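Close look at the chain arrangement
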2 protein chains.
Amino acid sequence: MISSQEAIKLIESSAAKSEIISVPLEHSSGKVLREKILADRDYPPFNRATMDGFALRSQGFSKERIYSYERELHAGESFSLKEGEEAIRIMTGAPVPSGFDLVIKVEDSVDQGISEGKKQVRFETDKTSSFANIAIQGEDLKTGEEILLEGTEINTAIFSLLASLGRSQVQISKLPKVRIISTGNEIVGIEEIPKPWQIRDSNSYSIRSLLQKYGIVPESIVRVGDDISLLENAVQQGLDSDILILSGGVSMGNLDLVPKVLQSKGVQEIFHKVRIKPGKPVWFGMKGKQAVFGLPGNPFSVQVCFRIFVESYIRKFLCLPTESPLLLPFLGERKKKNQLTEFFPVRLERKQTTVLTENKTNGSGDIRAGIFSDGLAVQFSDKEKIQDGELLEFYPWN
Amino acid sequence: MISSQEAIKLIESSAAKSEIISVPLEHSSGKVLREKILADRDYPPFNRATMDGFALRSQGFSKERIYSYERELHAGESFSLKEGEEAIRIMTGAPVPSGFDLVIKVEDSVDQGISEGKKQVRFETDKTSSFANIAIQGEDLKTGEEILLEGTEINTAIFSLLASLGRSQVQISKLPKVRIISTGNEIVGIEEIPKPWQIRDSNSYSIRSLLQKYGIVPESIVRVGDDISLLENAVQQGLDSDILILSGGVSMGNLDLVPKVLQSKGVQEIFHKVRIKPGKPVWFGMKGKQAVFGLPGNPFSVQVCFRIFVESYIRKFLCLPTESPLLLPFLGERKKKNQLTEFFPVRLERKQTTVLTENKTNGSGDIRAGIFSDGLAVQFSDKEKIQDGELLEFYPWN
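Numbering of residues starts from 1 in every chain and runs along the sequence as written. The naming scheme follows written order: chains are lettered A onward, ligands numbered 1 onward. It should be noted that, the model being predicted, local features are given only for residues of pLDDT at least 70 and side-chain atom pairs only at 80 or more, the latter also being counted only at that level, while totals for whole chains, interfaces and linings use all residues. Water and hydrogen atoms play no part in the side-chain values, which are based on all heavy atoms of the structure.

Topic: the environment of Ser13(B)
Residues and elements named next belong to chain B. Our working definition: Under the DSSP-based scheme used, a helix requires at least four consecutive residues in state H or I and a strand at least two consecutive residues in state E, with every element numbered from the N terminus. The rule is simple: take the accessible area with a 1.4 Å probe, protein chains only, and divide by the maximum for that residue type; under 20% is buried, over 50% is exposed, in between is partly exposed. Residues adjacent in sequence count toward polar contacts only when both atoms are side-chain atoms; beyond that, a polar contact is any pair of N or O atoms within 3.5 Å, and within protein one must be able to donate a hydrogen and the other to accept it.
Relative to the assigned elements, Ser 13 resides in helix α1 (residues 4-14). Here Ser 13 falls in the exposed class, since its relative accessible area comes to 60%. Here the alpha-carbon distance between Ser 13 and Ser 364, two residues 351 residues apart in the chain, equals 29 Å. At 3.2 Å, the side chain of Ser 13 and the backbone oxygen of Leu 10 are in polar contact.

So this is what it looks like as structure tokens:
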């Protein structure tokens, strides 16, 4: 049996790469950029006043000097200085006229009345160096400068930046087409009244919710019993996708048909079983560029295997970098007896610092297992006991 | 001027409460639950085998004893024991028949051939206590037990739980209707070529992206120059919403019309200016149950004010609990000279533990300010210097 790290490496090295598509900017937030982005002009595009106040020359400034001014300049306007113009009133966001290199904020000005039809002002400030209260043209970005690379996730600041740069169309990773199959004779639809020995299909809901983080809506969700020909049909149809995710039917029982059916449909097994708990029976294979995951049937196992394995695939497919889990201290102790790497649900709690605390459960079949958890912490296979305060790897759900 | 904590308290105490709506379960992931949820039956609903193996009685077990068995039981099936039946083959997920209280996994069984037409088996295991390898009926939840309260965010595990409980319809908080107005004569659309002293409208994109975290799509986005009658019209139309968000036009410049126009339209000011950087000129008011935010015009100020103030409102509106920021160590030192609380962009970096590192910027007008940041860290007003390793409050973007 392989370790979870080995499994993730196999997943990443098998992964297909999504196509590049061009979309209107407003559809790209949260997606993955697939082109290099250069600055279309300098940013700021002009010497911008960062305060409401007065623009003037820093050279020859004196607190005693009285300045005349007539004109005022607002954001969205521009003018050139006139011969002999000593100062102007200027508003935040306006371009400082060429020839001036200092803005003094209005709070530091002292009105001196009017003389010869011109307003008079002096200034009580020591902040008079060249370019004080001015954002200098090009100080953030120069025309042509490379600012974003392929494989960048379009977060809010990047989305805003792309708007500033006028990128009304943007090239992104096309989302994968995902199909879901829930297997098991014991599974009924959520609108049905189950017989005492039946349970409702919750796993397709878990998977749907976990896909939502990437903006993916599943193409189809089907439910099939443990019947070889029905399962073959479902898999055949399911293989019209980039990622097919099954739940149930991968453990040792003699009705666990999923691996057999997948192989009969030409899906090549890459691994079956990983040294983890929960989720040990997890199956992964590829058919050409199509990935297939066989997740175990327990609700919490599905959530763990998706978070650790399916997400690794999705990230690689979308050209995102490999995830690096956080490292946070654990509150309390935790023992385990097996030789498996355990992924267990934890909450973030604010003590002297932010710590992880365990969400106690009755195992991977407990339908409450992850409900108030913020993510998963890891106890590696060879770690018999976690000490209070020890640092653990943490995978947040979101 | 009030502090950011005071501002958040005022926002929360002013907030209207969203309506309750009933939606199909599949539309509820990530939303806020607005009903109490009870277990519809016991969970597990039966004594469930958690391993593939053999079911038998724990009483009288012995490693030497040879057991006869004939029948096998799969998940999704049920039967009663026959007179004298000693053991059955059982698969993971199947209901353990009444009368048996032990499951021994198949790996611990030793085949003993066939005798008198019945298969024979014995067991090499010490795990033979009553209910070993069985999830007991009701051990996770009892019928009628309260499991979820109003105001719970429907994360993946809860979504899955609601499916298990057969909640095909669920009551959630209706999302707010949000309208956005970008103001400023210097602002042009993203598809336009700006004149040298103009900039493109990036703020409405920031706000759109930040709303996406809550699944909110803005009802309308309009752009208006600094013209009192145009702005009055836009505000009049914008007030047909739960939350109206403006950017620009709230600082001291004499064209900063937003507060005046809002008040003329009957929006009552609750605060104007908060002791923070960036975002000091932020304005907040209410008209009946409608909230109005006037955010400053700089791109990074918009992102900070939304994350700290608008999100506080949205959370309260949706009946989510007040956010508690994480507390994480800061790598490096940081000084400030002003008496403001500073929110600055940081990245999570994995060192011996996960630490915050500062994203250096040229201030709130820098269009690159937040681009590779994971969230905001806080340097409180009275804190002149942050020491290396000091714990800071951290607000992740997501």
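Moving on, there is more to tell.
Structural notes on the interface of chain A and chain B
Rules: Any pair of residues with heavy atoms lying within 4.5 Å of one another is described as a contacting pair. Reported buried area values correspond to the accessible surface (1.4 Å probe) lost by two parts on association, with both partners' losses combined. Salt bridge, as used here, is a side-chain nitrogen of Lys or Arg placed within 4 Å of a carboxyl oxygen of Asp or Glu. Residues are grouped as follows: Ala, Val, Leu, Ile, Met, Phe, Trp, Tyr, Cys and Pro are nonpolar; Asp, Glu, Lys and Arg are charged; every other residue, Gly included, is polar.
Between chain A and chain B, the residue contacts involve 90 residues of the former and 89 residues of the latter. On the chain A side of the contact with chain B, Trp197(A), Arg350(A) and Ile367(A) bury the most area, a combined 9% of that side's loss. Ionic pairing is found between Asp40(A) and Arg200(B), a salt bridge with its closest N-O pair at 3.1 Å. Counting residues per element, the ones that place at least two in the side of chain A that touches chain B are β11 (146-148), α2 (156-164), β15 (199-200), α3 (203-212), α6 (299-317), β22 (326-329), β24 (341-350) and β28 (391-396) of chain A. A per-element tally of the side of chain A that touches chain B places α2(A) first, with eight residues. Residue composition of the side of chain A that touches chain B, by class: 36 nonpolar, 32 polar and 22 charged.

What about the sheet that holds strand β17 (residues 243-247) of chain A?
Consider a sheet: its strands pair through backbone hydrogen bonds, and that pairing is either parallel or antiparallel. Residues and elements named next belong to chain A. Rules: Strands qualify as paired when DSSP identifies two bridges or more between them. Axis lines are fitted to C-alpha atoms, over the contacting stretch for helices. Their N-to-C directions set the angle, which ranges from 0 to 180 degrees.
Here we have six strands laid out as an open sheet, ordered β16-β13-β17-β21-β20-β18, and mixed in their pairing. Looking at which strands have only one partner, the edges of the open sheet turn out to be β16 (220-224) and β18 (268-272). Each neighbouring strand pair of the sheet contributes to a mean axis angle of 15°, computed without reference to strand direction. Bridging between β18 and strand β20 (residues 283-287) involves four bridges; their strand directions are antiparallel. Opposite Glu 269, over in β20, you have Gly 285 as the bridge partner. Seen against the sheet, α3 touches β13 (178-183), β16, β17 and β21 (290-295) and runs at an angle of roughly 160° to β13.

Looking at the environment of Arg208(B)
Take Arg208(B): it is sitting in helix α3 (residues 203-212). Between the C-alpha atoms of Arg208(B) and Ile221(B), which are 13 residues apart in sequence, the distance is 9.0 Å. If near-sequence neighbours (up to four positions away) are discounted, Arg208(B) is found in contact with Glu26(A), Phe159(A), Ile180(B), Pro218(B) and Ile221(B).

Quick word on the domain arrangement of chain A
The criterion, for reference: For the purposes of this description, domain bounds are those given by an automatic or database domain assignment.
On domain assignment, one finds that chain A holds domain 1 (4-18 + 175-317), domain 2 (21-40 + 143-173), domain 3 (48-135) and domain 4 (326-396). Each of domain 1 of chain A and domain 3 of chain A has a C-alpha centre, and the two are 67 Å apart.

Comments concerning the packing of α3(A) against helix α2 (residues 156-164) of chain B
Inclusion rule: Comment on the angle field: the value is read as roughly parallel under 35 degrees, roughly antiparallel over 145, roughly perpendicular from 65 to 115, and oblique elsewhere. Two helices that cross are described as forming a left-handed crossing if the nearer one is turned anticlockwise from the farther one by less than a right angle, and a right-handed crossing if clockwise.
Put simply, α3(A) and α2(B) touch, their axes get as near as 8 Å, and they point 150° apart. Between α3(A) and α2(B), the angle falls in the class roughly antiparallel. In the packing of α3(A) onto α2(B), the handedness of the crossing is right-handed. When α3(A) is examined against α2(B), the residues Tyr205(A), Ser206(A), Arg208(A), Ser209(A) and Leu210(A) are found in contact with a partner set consisting of Thr156(B), Phe159(B), Ser160(B) and Ala163(B). For the contact of α3(A) with α2(B), the class distribution of residues is four nonpolar, four polar and one charged.

A few points about the relation of the copies chain A and chain B
A rotation about some axis, followed by a shift along it, carries one copy of the chain onto the other. Filter applied, for reference: When the copies are superposed, the least-squares fit takes in the C-alpha atoms of residues with a pLDDT of at least 70 in both.
Once chain A has been moved 0.0 Å along the axis and rotated by 180°, it coincides with chain B to within an RMSD of 0.0 Å. The superposition of one copy onto the other is thereby described by a two-fold rotation axis. Rotation axis and chain A: the residue whose C-alpha lies nearest the axis is Asn398(A), separated from it by 3.6 Å. A high fraction, 99%, of the interface residues of chain A reappear at the interface in chain B, so the copies pair face to face through one surface.

What to know about empty space enclosed by the protein
Selection rule: Cavities and pockets were defined on a 1 Å grid built over protein atoms only: a cavity is a set of grid points that admits a 1.4 Å probe from which the probe cannot escape, a pocket is an open set flanked by protein on both sides within 12 Å along at least five of seven lines, and lining residues are those with an atom within 4 Å of any such point. Grid points are joined across faces, edges and corners, and a volume is the space filled by probe spheres set on the points.
A full pass over the atoms with the stated rule returns two cavities of 30 Å³ or more. As a volume, the largest cavity reaches approximately 40 Å³. Lining the largest cavity are Ala157(A), Ser160(A), Pro299(B), Phe300(B), Gln303(B), Asp366(B), Ile367(B), Arg368(B), Ala369(B) and Gly370(B). Among the elements of the structure, α2 of chain A together with α6 (299-317) of chain B are those that each provide at least two residues to the lining of the largest cavity. Class assignment for the residues of the lining of the largest cavity results in five nonpolar, three polar and two charged. Here the lining of the largest cavity spans two domains, since at least three of its residues come from each of domain 1 (4-18 + 175-317) and domain 4 (326-396) of chain B. Computed from the structure, the second largest cavity encloses a volume of approximately 40 Å³. Taken together, Pro299(A), Phe300(A), Gln303(A), Asp366(A), Ile367(A), Ala369(A), Gly370(A), Ala157(B) and Ser160(B) make up the lining of the second largest cavity.

Notes on a positive patch on the surface
Worth spelling out the cut-off: Residues qualify for a patch when their relative accessible area is over 30% and they have no salt bridge, like charges being joined within 9 Å and the nonpolar side chains of Val, Leu, Ile, Met, Phe, Trp and Tyr within 5 Å. Here the accessible surface of atoms and residues is derived via Shrake-Rupley with a 1.4 Å probe, and residues count as covered only by protein chains that are part of the display. Positive charges are assigned to Lys and Arg, negative charges to Asp and Glu, while His and the chain termini are left out of the count. Every charge is mapped to an atom, namely NZ of Lys, CZ of Arg, CG of Asp or CD of Glu.
On the surface, a cluster of positive charge is made up of Lys273(A), Lys277(A), Lys280(A), Lys337(A), Lys105(B) and Lys127(B). Along the polypeptide, Lys273(A) turns up in the loop between β18 and β19 (276-277). Lys273(A) gets classed as partly exposed once you look at its relative accessible area, which sits at 30%.

Some thoughts on the pattern of salt bridges
Residue and element names in this part refer to chain A. According to the stated counting rule, one finds 44 salt bridges over all chains in the structure shown. Close ionic contact of Asp 240 with Arg 179 constitutes a salt bridge, the shortest N to O distance being 3.1 Å. Residue Asp 240 is found in the loop between α4 (228-238) and β17, and its partner Arg 179 is found in strand β13; the two are separated by 61 residues along the sequence. The partly exposed category is assigned to Asp 240, whose relative accessible area is 43%. A relative accessible area of 14% places Arg 179 in the buried class. One salt bridge connects Arg 334 with Glu 358, and the closest N-O pair in it is separated by 3.1 Å. Taken together, the positions of Arg 334 in strand β23 (residues 334-335) and Glu 358 in strand β25 (residues 354-358) put the pair 24 residues apart, joining distant regions of the chain.

Considering the packing of α3(A) against α6(A)
All names here are of chain A. The contact between α3 and α6 brings their axes to 10 Å, and the two run at 35°. Relative to α6, the crossing made by α3 is right-handed. Contacts from Asn 203, Ser 206, Ile 207, Leu 210 and Leu 211 of α3 reach α6 at Pro 299, Val 302, Gln 303, Phe 306 and Ile 314. Here the contact of α3 with α6 is composed, by residue class, of seven nonpolar, three polar and no charged.

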